[in-house]
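Examining the three-dimensional arrangement
Single-letter residue listing:
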Amino acid sequence: MQRPGDPAGPGQLPLVSVILPVHNAELWLDACLESVLQQDFQGTMELSVFNDASKDKSMAIIEKWRPKLEDSGILVVIGGHESPSPRGVGYSKNQAIAQSSGSYLCFLDSDDVMMPERVRLQHEAAAQHPTSIIGCRVRRDPPGSTERYTRWINRLAPEQLLTQVFTANGPTVIMPTWFCSRAWFAHVGPFDEGGQGVPEDLLFFYQHLRKGGRVLRVDQTLLLYRYHPQAATLSVLEAPSQPWPPLLPRTTIWTHRVCFLEEWALPQWTSFTIWNAGKQGRRLYRSLTAASRCKVVAFCDVDENKIRKGFYCYEEAQERPKPRVPVLHFRAARPPFVLCVKLLTAVAAALVWSERSATQAPGPNHGLLGTSPHCPWLLTTSLPLMDSRPQACPALG
């Protein structure tokens, strides 16, 4: 098979580097590498593989595919190490990028499969938006796995790719679909190399936003996204009954998300209300810095027992007197709100607030902001300085 594009000549750099970290991926590599070979991109490509201490037949499979790829005009660069233990996804990606030379980076997990048009369509988008991370829609394998999460990935509206960055689901375009310019990656990166338990994609995504980067998605299904116990990118649970634990500690994810919430959203507000006087709402309050806690004017809820008590006292606080935060019925509360609830509750809250707001003039602090720690759920409005009115919720069910 001869690719439409000409292979890079001597001294000519490839236009796109496919970044492929590998660790014990023998079950999926044939399909993954076949999908690299089948790309219909007209420009020059290279495949940069970094083997992170694989103990299976991964490297033999890669070497088997190497001549096929190179005969089709795709340069193959292979690096790696044979240490007793892997160094982690962040390290492997950084090494694969360092040994590559393309002007654009296309990230690919070794257990996933690209559709033939992926590189072409994402390169077209990245060339027009050089400071953006470009994602795409995905098809889950096996079908029906992580159903709500997959719908969230695929159905976010363009503006929600920025406004839902505080949800429990992580980046609004998932790491295995990322495509960006090398220059922009160098400006933002590299990935954190802390190893297992460090959400390197989430930390990079936050840094990308801090640097003024944008988030775009090609609205076509360009990746077969596998779901299995060994998946390195698996960090979101559909429900507590999932057959294996999350690979990233929830406390780690929670801490990073609260810090980013305090950095990016809360400075825009002089005060706010936490929607949920229960366990997770109180956990959010306790996780905030003292300065941010001072901005919490109330909790709101629908539970009459919580409302009847009238307040929440933070017993572990160092301040004296200890903070006592009012607990109000949601109809008596005032925006902006940080919702700390599960998906269906968040949808109901947004609809209730939307009905209430329909009869009120929008103010500078109207808004609903999501922070649920466990379940896939959503940010239902833009941040207040972007858009002051509640938006409709996508049907995530």
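Residues numbered from 1 in each chain as written. Predicted model: local features only at pLDDT ≥ 70, side-chain atom pairs only at ≥ 80, totals over all residues. Heavy atoms only, no water.

1. Observations concerning the packing of helix H1 (residues 29–37) against helix H2 (residues 58–71)
In the contact formed by H1 and H2, the axes pass within 10 Å of each other and the chain directions differ by 20°. With respect to H2, the axis of H1 lies roughly parallel. The hand of the H1/H2 crossing is right-handed. For the pair H1 and H2, the contacting residues are Leu 29, Asp 30, Leu 33, Glu 34, Val 36 and Leu 37 in the first and Ser 58, Ile 61, Ile 62, Lys 64, Trp 65, Lys 68 and Leu 69 in the second. By residue class, the composition of the contact of H1 with H2 is eight nonpolar, one polar and four charged. (Axes fitted to C-alpha atoms, helices over the stretch in contact; angles between N-to-C directions. Helix = DSSP H or I, 4+ residues; strand = E, 2+ residues; numbered from the N terminus. Parallel < 35°, antiparallel > 145°, perpendicular 65-115°, else oblique. Left-handed = near helix turned anticlockwise from the far one by under 90°. Contact = heavy atoms within 4.5 Å. Nonpolar A, V, L, I, M, F, W, Y, C, P; charged D, E, K, R; others polar.)

2. Brief notes about the packing of aromatic side chains
Taken as a whole and judged by the stated rule, the model has 20 aromatic pairs. Seen in terms of ring centroids, Phe 260 and Trp 264 are 5.2 Å apart; in terms of plane orientation they differ by 25°. Their pairing is stacked. Residue Phe 260 and its partner Trp 264 are located together in helix H9 (residues 250–264), separated by four residues, close to a single helical turn. The class for Phe 260 is buried, based on a relative accessible area of 0%. Classification of Trp 264 by relative accessible area gives partly exposed; the value is 22%. Each residue in the set Phe 107, Trp 178, Phe 185, Phe 191, Phe 204 and Phe 205 is aromatic and connected to the rest through ring pairs, giving one cluster. Of note, Arg 87 hangs over the ring of Tyr 91, and the distance from its end group to the ring centre comes to 4.0 Å. In this structure, Arg 140 is placed above the aromatic ring of Tyr 225, and the distance from its NZ or CZ to the ring centre is 3.9 Å. (Phe/Tyr/Trp six-rings, centres within 6.5 Å; stacked < 30°, edge-to-face > 60°. Buried < 20%, exposed > 50% of the residue type's maximum accessible area, 1.4 Å probe, protein only. Lys NZ or Arg CZ within 6 Å of the ring centre and 35° of its normal.)

3. Considerations on the nonpolar core
Among the nonpolar cores identified, the biggest contains 92 residues, and Leu 20, Leu 47, Phe 107, Trp 178 and Leu 284 are the most heavily contacted of them. When near neighbours in sequence (up to four residues on either side) are disregarded, Leu 47 contacts Val 18, Leu 20, Leu 33, Val 36, Leu 69, Ile 74, Leu 75, Val 76 and Val 77. In terms of nonpolar packing, the next biggest core, distinct from the first, is built from seven residues, Trp 275, Phe 330, Ala 333 and Leu 339 among them. (Core = buried A, V, L, I, M, F, W, Y, C linked by side-chain atoms within 4.5 Å.)

4. Here's the deal with unusual backbone geometry
Pro 190 follows Gly 189 through a cis peptide bond whose omega is 10°. Mapping Pro 190 onto the fold places it in the loop between helix H7 (182–188) and helix H8 (200–210). With an omega of 0°, the peptide bond running from Pro 335 to Pro 336 counts as cis. Within the secondary structure, Pro 336 is located in the loop between strand S12 (324–329) and strand S13 (337–339). A positive phi angle is found at Asn 276, which is not glycine, with a value near 135°.

5. Some words on the side chain of Ser 58
The topology assignment puts Ser 58 in helix H2. Within polar-contact distance, the side chain of Ser 58 engages the side chain of Asp 56 at 2.7 Å. (Polar contact = N/O pair within 3.5 Å; in protein donor to acceptor, adjacent residues only side chain to side chain.)

Such coordinate-based values are descriptive only and should not be taken to indicate function.
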